[in-house]
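# Notes for the structure review
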Amino acid sequence: MSNKQLPHGTDVFLKAGGVSSAPRDGPAFLSTLPAKPQDRRNALLIIAVSVVVFITFAPFAKTPLEPVWAFIPIYETVLVVNDLITALLLYGQFSILRARSLAILASGYLFTGIMAAFHALTFPGLFAPGGLLGAGPQTTAWLYMFWHTGFPLFVIAYALLKDHHAATLPDARSCSRYIALCIALTVFLSGGMILLATTGHGLLPVLLGKNGYTAVMHVVASSVWAVSLAAFVVLFRYRSSSVLDLWLMVVVFAWLVDVALSTQINAARFDLGFYAGRIYGAVAASFILARLLIENTGLYAQLGITHSRLAVQNQELQHEIAVRQQAEASLQRMYGELEDRVHERTASLEAAIKEMDSFTYTISHDLKTPLRAVSGYAGILEEDYGDKLNEDASNLISEINENAARMQQLIDDLLAFSRVARKSITLAVVDMDALAREVVAELEESEHGKREVAWDIQPLPACRGERGLLKQVWMNLLSNAIKFSSIRPVPVIRIGSVDEPDATAYFVEDNGIGFSMEYYDKLFGVFQRLHVAEEFPGTGVGLAIVQRIVERHGGRIWAEGWVDKGARFQFTLPKADEHEPA
């Protein structure tokens, strides 16, 4: 049985199948509440009183007294009420804690209540001269013996079952069935004993003779007392630290005093021992009931306190819920407003970018027409009138041609930059190792490839992207690496990758002129250059194109530079699925 199956606030731990500790919150049950030093002192005090009572009345136990016929119904009624209420309360605890030992002990009290009731009904001279239910002269004596033997046996079963490995039940339905079974068996057992003592009383030995107790009576009474003593020993041997076990030992000890005074050292009915033993037995029977009633009072008090606390907590919770609902409503409104603003600004930004791209593309095309005219006319002048022009005029025409070519390159780069923004991307697995080596081969065949370059190419993992655009990334980065390392006798260019959790970072590293990190912010800007065109030709658009391509793939690009030592460019791209073919 897990703690989740137990009622709230009853944290019962099972030790070898038995109940072994107290509840977590609030008042505990007698079977789980550890006995305090004060409880032990009280128990010892009552045991001491029992010893004093026994020593006081034992010498005078055979003193005859006047028969008080009202004593028996009063005594038996007190026992029946005490025992049945105690049984009911113990069954209630069993239904909560589900420990079989509690059901057995409750059945013991039910047994004593039944036997006490029928003992009164069959007592001769009380309701009828010979007693009711066909009772004989030995019926009440045997009922008393059965009664005072049965209860100690129930106590022994309780003590032994506490530590049994199967001492608990799994659910409330099982508890209900078990209670019904215990009640049925207890009624059957007590009914059998009552039937034997009434209808079958002739089969039983004589306990009460004309002159008092017979020898058989002393043997039977001694056996009954021995069973009670055995119950006390077993209960002490298997005792736990609970209040219930402590007070049950007190009850059994008082039971020993009762049996001794009432049946062993007295002489007959209505003597001092007869009255003293039964009165003390009735008082002892109320010990457990009194503790259970005190416990129930504490439970109800704790229930009231808990109810009040829960009511306060419920009010606070309702207030907190209302505050949170208001806050959530406000956040929802703010979120909606923010989302609308984001949509508006995103749409506005997309429209501006689209207009800018369209403007750039249009301007670039429109610039080409007059530029071609300028280049054409300059060429005609140089071809038709070159021999007639002086040196200054020839130099001017050459300058016109060079600047026209440079302007043409700027327009082409601007168109390429605009085209990257407008081009749709279809992602697929790209073999980056093959692509990088393909670009290296093309560069070695081009104008830059005429230089001797030391290539260090590491194996590169595949990625997801647009192959054509990624080829342009490699082309721009490797062209720059060759260009800016051309000052070295042998340019060294390294190509590799670094694995990251959600992407792959590729890098290109050279031993060229490098750059100062002071000007890093200008590195990826359009038409931004960190070196003069006379030293390293170019338009300053290549890295801007690379950045736009990488960002459109969901990646990022960054660089590190060291003046006159080289530079390292890195960019990330999404990883390719291992099971997707390249």
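Relevant structure appears above.
Okay, so let's go over this structure. All of these numbers come straight from a predicted model, not from anything done at the bench.

### Considerations on the overall build of the protein chain
Of regular secondary structure, the protein chain possesses 12 helices and 11 strands. Expressed as a percentage of its 582 residues, the buried residues of the protein chain come to 43%. Considering only intrachain contacts with a sequence separation of at least 6, the fraction spanning at least 24 residues in the protein chain is 75%. Looking at the protein chain as shown, the accessible area adds up to about 30,900 Å², and 61% of this sits on carbon and sulfur atoms.

### Concerning the packing of aromatic side chains
In the structure shown here, the tally under the stated rule is 12 aromatic pairs. When the ring of Phe 71 is compared with that of Tyr 75, the centres are 5.8 Å apart and the planes differ by 5 degrees; the resulting orientation is stacked. Taken together, the positions of Phe 71 and Tyr 75, both in helix H2 (residues 71–97) and four residues apart, correspond to about one turn of that helix. Feature note: the residues Tyr 109, Phe 151 and Trp 255 constitute an aromatic cluster, connected by ring pairs. When the ring centre of Trp 558 is taken as reference, the NZ or CZ atom of Arg 556 above it lies at 4.2 Å. The ring of Phe 507 carries the charged tip of Arg 568 above its face, separated from the ring centre by 3.9 Å.

### Describing the pattern of salt bridges
For the structure shown, the criterion picks out 11 salt bridges. Across the pair Arg 467 and Glu 438 runs a salt bridge whose closest N-O atoms are separated by 2.8 Å. Of the two residues, Arg 467 sits in helix H11 (residues 467–484) while Glu 438 sits in helix H10 (residues 432–445), which places them 29 residues apart along the sequence. Accessibility expressed as a relative area gives 39% for Arg 467, which makes it partly exposed. Three or more residues are tied together by salt bridges with common partners; here these are Glu 438, Glu 442, Arg 467 and Lys 471.

### A few points about the packing of helix H4 (residues 139–161) against helix H5 (residues 172–198)
As a packed pair, H4 and H5 sit with axes 9 Å apart at the nearest point and diverge in direction by 155 degrees. Here H4 lies roughly antiparallel to H5, going by the angle between them. Every pair of crossing elements has a handedness; the one defined by H4 and H5 is right-handed. Contact residues: H4 offers Thr 139, Trp 142, Leu 143, Phe 146 and Phe 154, while H5 offers Thr 186, Leu 189, Met 193, Ile 194, Leu 196, Ala 197 and Thr 198. Along the lines of polarity and charge, the residues of the contact of H4 with H5 split into nine nonpolar, three polar and no charged.

### With respect to the pairing of strand E10 (residues 557–562)
A regular strand places its side chains on the two faces of the sheet in alternate fashion. Pairing between E10 and strand E11 (residues 566–574): six bridges, direction antiparallel. The residue of E11 that forms the bridge with Trp 562 is Gly 566. The antiparallel hairpin formed by E10 and E11 contains three residues in its connecting segment, where Asp 564 sits at a positive phi of about 65 degrees.

### Concerning the side chain of Asp 510
On the secondary structure map, Asp 510 appears in strand E9 (residues 503–510). Of the side chains with opposite charge, Arg 488 lies nearest to the buried Asp 510, which makes no salt bridge, at 7.3 Å. A distance of 2.8 Å separates a polar atom in the side chain of Asp 510 from the backbone nitrogen of Gly 512. Discounting chain neighbours no more than four positions away, the residues touching Asp 510 are Ala 481, Ser 485, Val 492, Ile 493, Lys 565, Gly 566 and Ala 567.

### Considering the pairing of E9
Burial of E9 is extensive: seven of the eight residues sit out of reach of the surface. Joining the antiparallel neighbours strand E8 (residues 492–499) and E9 is a turn of three residues.

### Observations regarding the environment of Met 517
Tracing the backbone shows Met 517 in the loop between E9 and helix H12 (542–552). For Met 517, a relative accessible area of 41% puts it in the partly exposed group. With 44 residues separating them in the primary sequence, Met 517 and Gly 561 have C-alpha atoms 6.1 Å apart. Setting aside its immediate chain neighbours within four residues, Met 517 contacts Ala 559, Glu 560 and Gly 561.

### Overview of empty space enclosed by the protein
Tallied over the full model, the rule gives two cavities of 30 Å³ or more. Of the volumes computed, that of the largest cavity is approximately 130 Å³. What lines the largest cavity is a set of 14 residues, and nearest its centre among them are Ala 141, Tyr 213, Met 217, Arg 269 and Arg 278. Listing elements by their share of the lining of the largest cavity, those giving two or more residues are H4, helix H7 (243–264) and helix H8 (272–385). By residue number, the principal contributor to the lining of the largest cavity is H4, which donates four residues. Looking at the lining of the largest cavity residue by residue, the class counts come to eight nonpolar, four polar and two charged.

### A closer look at helix H3 (residues 100–122)
Along an α-helix, a turn takes 3.6 residues, which lines up residues three or four apart on a common side. Taking 1.5 Å as the rise per residue, H3 with 23 residues should run 33 Å; its terminal C-alpha atoms sit 33 Å apart, in good agreement. Here H3 lies mainly inside the structure; 19 of its 23 residues are buried.

### Considering a nonpolar patch on the surface
A cluster of nonpolar side chains, Val 81, Ile 85 and Leu 293, forms an exposed patch at the surface whose accessible area comes to about 220 Å². Following the sequence through the fold, Leu 293 ends up in helix H8.

### Describing unusual backbone geometry
In terms of backbone geometry, most residues other than glycine have negative phi values and most peptide bonds are trans. Look at Leu 133: it is not a glycine, yet its phi comes out positive at around 65 degrees. Tracing the backbone shows Leu 133 in the loop between H3 and H4.

### Regarding the side chain of His 148
If you trace the backbone, His 148 turns up in helix H4. For His 148, a relative accessible area of 1% gives the class buried. With sequence-adjacent residues up to four places away left out, His 148 is seen in contact with Val 224, Ser 228, Trp 255, Asp 258 and Val 259.

### A word on the environment of Pro 501
Take Pro 501: it is sitting in the loop between E8 and E9. Classification of Pro 501 by relative accessible area gives exposed; the value is 76%. Sequence separation between Pro 501 and Lys 575 is 74 residues, and the spatial gap between their C-alpha atoms is 9.4 Å.

Cut-off values and rules
Residues numbered from 1 in each chain as written. Predicted model: local features only at pLDDT ≥ 70, side-chain atom pairs only at ≥ 80, totals over all residues. Heavy atoms only, no water. Helix = DSSP H or I, 4+ residues; strand = E, 2+ residues; numbered from the N terminus. Buried < 20%, exposed > 50% of the residue type's maximum accessible area, 1.4 Å probe, protein only. Contact = heavy atoms within 4.5 Å. Areas by Shrake-Rupley, 256 points an atom, 1.4 Å probe, with all protein chains shown as cover. Phe/Tyr/Trp six-rings, centres within 6.5 Å; stacked < 30°, edge-to-face > 60°. Lys NZ or Arg CZ within 6 Å of the ring centre and 35° of its normal. Salt bridge = Lys/Arg side-chain N within 4 Å of Asp/Glu carboxyl O. Axes fitted to C-alpha atoms, helices over the stretch in contact; angles between N-to-C directions. Parallel < 35°, antiparallel > 145°, perpendicular 65-115°, else oblique. Left-handed = near helix turned anticlockwise from the far one by under 90°. Nonpolar A, V, L, I, M, F, W, Y, C, P; charged D, E, K, R; others polar. Pairing = 2+ DSSP bridges. Lys, Arg positive; Asp, Glu negative; His and termini not counted. Polar contact = N/O pair within 3.5 Å; in protein donor to acceptor, adjacent residues only side chain to side chain. 1 Å grid on protein atoms, 1.4 Å probe; cavity = no way out; pocket = protein on both sides within 12 Å on 5 of 7 lines; lining within 4 Å. Points joined across faces, edges and corners; volume = space filled by probe spheres on them. Expected span 1.5 Å × (residues − 1). Patch = residues over 30% accessible without salt bridge, like charges linked within 9 Å, V, L, I, M, F, W, Y side chains within 5 Å.

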